[in-house]
Protein chains: 2
Amino acid sequence: MKEQQLVEQLRRNGYKITPQRQEILKAFMESSSRLPQSAEDIHNRVVEKYPNVSLDTIYRNLNVLEGLEIISRLSLKDGKSRYELNPGGSHQHHLICLGCGAAEAIDYCPLKALHEIGIAEEKKFEIREHSFEIFGYCSLCRERSDEIGKLPGKCS
Amino acid sequence: MKEQQLVEQLRRNGYKITPQRQEILKAFMESSSRLPQSAEDIHNRVVEKYPNVSLDTIYRNLNVLEGLEIISRLSLKDGKSRYELNPGGSHQHHLICLGCGAAEAIDYCPLKALHEIGIAEEKKFEIREHSFEIFGYCSLCRERSDEIGKLPGKCS
DNA sequence: TTCACTGCAAATGTTTTGCATGTGC
DNA sequence: GCACATGCAAAACATTTGCAGTGAA
């Protein structure tokens, strides 16, 4: 998915292309891709270029982008939402490190297996969305914990 | 899991058995079991018996119970946490209706399949927890939507 | 009696909204 | 120029915390 396509999609839906909006898209495109970002993360990034963008503009735009299915929202247990680009209209699941917060996408979706079993079909349940995230410790944090001490806790 | 056992578990960990706490446990035990409940749900239920229990007492106790792994917390996208009893230390996944909010536990956990593929192992990722929830419309809401109109929206 | 627990009120943190102004097209 | 966007401030919302008083053991 290239930035130009996304801009097109916004335009097609009657949204205007503001500098703030473009910068928000860039923040997603250029993120080193291993991390769904919080509204604040995005804000920090955008503010570097446009120092007086407000957080509410970020939120409003994240909602717009979510509505267009350009990004999707993850709900983690810390009460903060994270957002990530939808790769080609598809979706992702992640291994999320409780130590350093890194989130690595995995190439597996449980919905296929679920279909094979047919549980939803049997219950006549019409699936619209789903969430699947795995929490634990990444290899780096595990190594470091061997040196330093016990696991739960930040490993910066 | 019987209520008496849970009370024992609290006592064993140095927690006192207050009427409020017992009523919170009851709220979980006696819930018709198809629904993770929000703090407010629990509060509404407890208030019927003890009219001046405060919401913060509910929150404090939910945290205690979560710490003891008696209940677990689900994070849905509406920003509100839901809590449910841990059946024998195990966990559950659900079909959650976007129409009426009912959540039905399903007998399937994607972690087994994931292990077979060995993705986490390959990445040396140590799994601690995971979430898997499916959102859509239950058979009742689908029926009603046939009569009434289009889907997204509450069906009482 | 003691220490955990409670209720109240106030604080916190995230996200949303109202309103007047600004700006892409 | 018009509609959509923005910034600011304030509101809304779930959840947490400080504190003084209460109650289980």
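Right above here is the structure, for reference.
Sequence order as written defines the numbering, with residues in each chain counted from 1. The order in which chains are written sets their letters, starting at A; the order in which ligands are written sets their numbers, starting at 1. Predicted model: local features are reported for residues with pLDDT of at least 70 only, side-chain atom pairs are reported and counted for 80 or more only, and whole-chain, interface and lining totals are derived from all residues. To get the side-chain values, all heavy atoms of the structure are used, and hydrogens and water are removed first.

### Let's talk about the side chain of A:His130
For helices the rule is a DSSP run of H or I covering at least 4 residues; for strands it is a run of E covering at least 2, with both sets numbered from the N terminus onward. You can see A:His130 is positioned in strand S6 (residues 126–137). Think of a polar contact as two N or O atoms within 3.5 Å of one another; within protein, one of them needs to be a possible hydrogen donor and the other a possible acceptor, and neighboring residues in sequence only count if both atoms come from side chains. Within polar-contact distance, the side chain of A:His130 engages the side chain of A:His93 at 3.2 Å. Whether two residues touch is decided by their heavy atoms; if any such pair falls within 4.5 Å, the residues are in contact. When residues no more than four places from it in sequence are discounted, the contact partners of A:His130 are A:His91, A:His93, A:Cys109, A:Leu111, B:Glu133, B:Ile134 and B:Phe135.

### Some thoughts on the environment of B:Tyr108
With respect to the helices and strands, the residue B:Tyr108 is situated in the loop between strand S5 (103–106) and helix H5 (110–117). Taking the C-alpha atoms as reference points, B:Tyr108 and B:Ala27, 81 residues apart in sequence, are found 26 Å from one another.

### Some words on the protein's contact with DNA strand C
Around DNA strand C, the structure places 24 residues, and the nearest of them are A:Tyr59, A:Ser81, B:Thr18, B:Arg21 and B:Thr57. Near, as used in this document, describes a residue that has one of its heavy atoms within 4 Å of the molecule or strand being considered. In DNA strand C, the atoms that sit within 4 Å of the protein are 70% sugar and phosphate, with bases accounting for the remainder. Contact between DNA strand C and A:Lys16: a base nitrogen at 3.0 Å from a side-chain N or O atom of the residue. Here a base nitrogen of DNA strand C sits 2.9 Å away from a polar atom, N or O, in the side chain of B:Arg60. Of all the elements in the fold, those that place two or more residues in the surface near DNA strand C are helix H4 (55–67) of chain A together with helix H2 (19–29) and helix H4 (55–67) of chain B. Examining the composition of the surface near DNA strand C, we find that 5 residues originate from one element, H4(A), more than from any other. In the scheme used here, Gly and all other residues not listed as nonpolar or charged are polar, with Ala, Val, Leu, Ile, Met, Phe, Trp, Tyr, Cys and Pro taken as nonpolar and Asp, Glu, Lys and Arg as charged. Among the residues forming the surface near DNA strand C, the class breakdown is 6 nonpolar, 9 polar and 9 charged.

### Here's the deal with the layout of surface pockets
Residues and elements named next belong to chain A. In this analysis a 1.4 Å probe is tested at points of a 1 Å grid over the protein atoms alone, and where it fits but cannot get out there is a cavity; an open set with protein on both sides within 12 Å along at least five of seven lines is a pocket; lining residues have an atom within 4 Å of a point. Grid points are joined across faces, edges and corners, and a volume is the space filled by probe spheres set on the points. Taken as a whole, the second largest pocket spans an internal volume of roughly 370 Å³. Residue lining of the second largest pocket: 13 residues in total, with Leu-76, Asp-78, Arg-82, Cys-97 and Leu-98 positioned closest to the centre. Split into classes, the residues belonging to the lining of the second largest pocket amount to 6 nonpolar, 2 polar and 5 charged. For the domains described, the bounds stem from an automatic or database domain assignment. Taken together, domain 1 (1–89) and domain 2 (91–156) each give at least three residues to the lining of the second largest pocket, which thus spans both.

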